[in-house]
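# Results of the structural survey
Listed below are the residues making up each chain.
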Amino acid sequence: SLGIALAMAGQPRRGLAMLDSVVEQSHGIPVARHLVRRAQVLWLLGRNSDVLRDAHRAVLLLRDSTELVWLARAYNHRAMAHLGMGSIDLADADYTRCEALYAHTGQLMELAIVRQERGAAAFARGDLPTALACYADAMRRMDALDVFDPELHANRCEVLVAAGLVREALAEADMAVRRIEAMRGSAT
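Not measured: the values here are computed from a predicted model.

All right, on to the packing of helix α7 (residues 108–125) against helix α8 (residues 128–144) then. Packing of α7 against α8 leaves a shortest axis separation of 8 Å and a crossing angle of 165 degrees. Between α7 and α8, the angle is such that the two are roughly antiparallel. Helix-helix and strand crossings are classified by hand; for α7 and α8 the assignment is left-handed. Two secondary-structure elements touch here, α7 through Met109, Leu111, Ala112, Ile113, Arg115, Gln116, Arg118, Gly119, Ala120, Ala122 and Phe123 and α8 through Leu128, Thr130, Ala131, Cys134, Tyr135, Asp137, Ala138, Arg141 and Met142.

Written as structure tokens, this is what we have:
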């Protein structure tokens with residue numbers, strides 16, 4: 001976790017070095033968890049082929065275990081890598097596995113995030129109705145958890161603009177800005 005924190009705090013080399021060290025020193029389930037963590041940092045750095053390598057190795061280590069949440073996370077990272085590399089069908093297959101595991105384990109926020117990511121996959125495929133449906137489902141799930149994610153609204157605006165629904169996109173953006181201001185959220 002410290003490796004991820006360092007990377008997110010602007011020290012990715014130091015964070016990766018720490019994660020590399022714990023991966024080398026671990027075995028079994030612990031190494032799979034560390035691979036998932038390192039995949040997260042590698043994804044933040046845009047190193048999709050390295051994410052795919054670590055996430056795939058984690059899936060192999062976890063798929064016969066009882067560590068279903070970690071397996072879902074490994075599938076999620078593998079899907080993100082596939083999507084980043086343009087393999088949308090492979091991403092969808094892993095997102096499907098991931099959704100089922102998150103639903104089974106009651107990881108409701110993670111499930112909402114995966115629905116959002118599936119929207120991005122549908123958008124990448126050019127399937128705007130499915131993208132909007134996934135975003136609507138993710139938003140419904142996040143609202144039920146009383147979570148506000150401005151990025152979800154930005155993603156939805158992107159699809160609405162691509163669909164030629166500029167007024168709807170503007171209304172979506174205005175609503176998100178009002179929520180941010182009401183929460184005294186980040187100006188960015």
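Another point: the packing of aromatic side chains. A full pass over the atoms with the stated rule returns 0 aromatic pairs. The ring of Trp70 is capped by Arg73, whose NZ or CZ atom sits 4.6 Å from the centre of that ring.

Let us look at the nonpolar core. Formed by 24 residues in total, the largest nonpolar core has its most connected members in Ala58, Leu62 and Tyr95. Sorting the residues of this core by element identifies α3 (28–44), α4 (48–62), α5 (68–84), α6 (88–105) and α7 as the ones contributing at least two each. With near-sequence residues (within four places) excluded, Tyr95 lies in contact with Asn76, Ala79, Met80, Leu83, Val114, Glu117, Arg118 and Ala121. Within the second largest apolar cluster, 14 residues are counted, among which are Ala112, Ala122, Tyr135 and Ala138.

This structure, assessed with the given rule, holds 18 salt bridges. Measuring nitrogen to oxygen at the nearest pair gives 2.8 Å for the salt bridge that ties Arg33 to Glu67. Of this pair, Arg33 sits in helix α3 while Glu67 sits in the loop between α4 and α5, placing them 34 residues apart in sequence. Residue classification places Glu67 among the partly exposed positions, given a relative accessible area of 22%. For the salt bridge of Arg115 with Glu99, the shortest nitrogen-to-oxygen distance reads 2.8 Å. On the criterion of sequence distance, the pair formed by Arg115 in helix α7 and Glu99 in helix α6 is long-range, its members being 16 residues apart. Across the pair, exposure class does not vary: Arg115 and Glu99 are buried alike. Linked by salt bridges that have partners in common, Asp89, Asp92, Glu99, Arg115, Arg118, Arg125, Asp137, Arg140 and Arg141 make up one network.

Its place among the elements puts His82 in helix α5. A C-alpha to C-alpha distance of 8.5 Å links His82 and Ser49, two positions 33 residues apart in sequence. Contact partners of His82, with chain neighbours within four places excluded, come to Leu52, Ser87, Leu90, Ala91 and Asp94.

We now examine unusual backbone geometry. Of note in the backbone geometry, Asp146 takes a positive phi value of approximately 60 degrees without being a glycine. Locating Asp146 in the fold gives a position in the loop between α8 and α9 (150–162).

A surface patch of nonpolar side chains, about 390 Å² in accessible area, is lined by Met8, Trp43, Leu44 and Leu45. With respect to the helices, strands and loops of the structure, Leu44 is situated in helix α3. Looking at Leu44, the relative accessible area reads 41%, which means it is partly exposed.

What counts, and at which threshold
- Residues numbered from 1 in each chain as written.
- Predicted model: local features only at pLDDT ≥ 70, side-chain atom pairs only at ≥ 80, totals over all residues.
- Heavy atoms only, no water.
- Axes fitted to C-alpha atoms, helices over the stretch in contact; angles between N-to-C directions.
- Helix = DSSP H or I, 4+ residues; strand = E, 2+ residues; numbered from the N terminus.
- Parallel < 35°, antiparallel > 145°, perpendicular 65-115°, else oblique.
- Left-handed = near helix turned anticlockwise from the far one by under 90°.
- Contact = heavy atoms within 4.5 Å.
- Phe/Tyr/Trp six-rings, centres within 6.5 Å; stacked < 30°, edge-to-face > 60°.
- Lys NZ or Arg CZ within 6 Å of the ring centre and 35° of its normal.
- Core = buried A, V, L, I, M, F, W, Y, C linked by side-chain atoms within 4.5 Å.
- Buried < 20%, exposed > 50% of the residue type's maximum accessible area, 1.4 Å probe, protein only.
- Salt bridge = Lys/Arg side-chain N within 4 Å of Asp/Glu carboxyl O.
- Patch = residues over 30% accessible without salt bridge, like charges linked within 9 Å, V, L, I, M, F, W, Y side chains within 5 Å.
- Areas by Shrake-Rupley, 256 points an atom, 1.4 Å probe, with all protein chains shown as cover.

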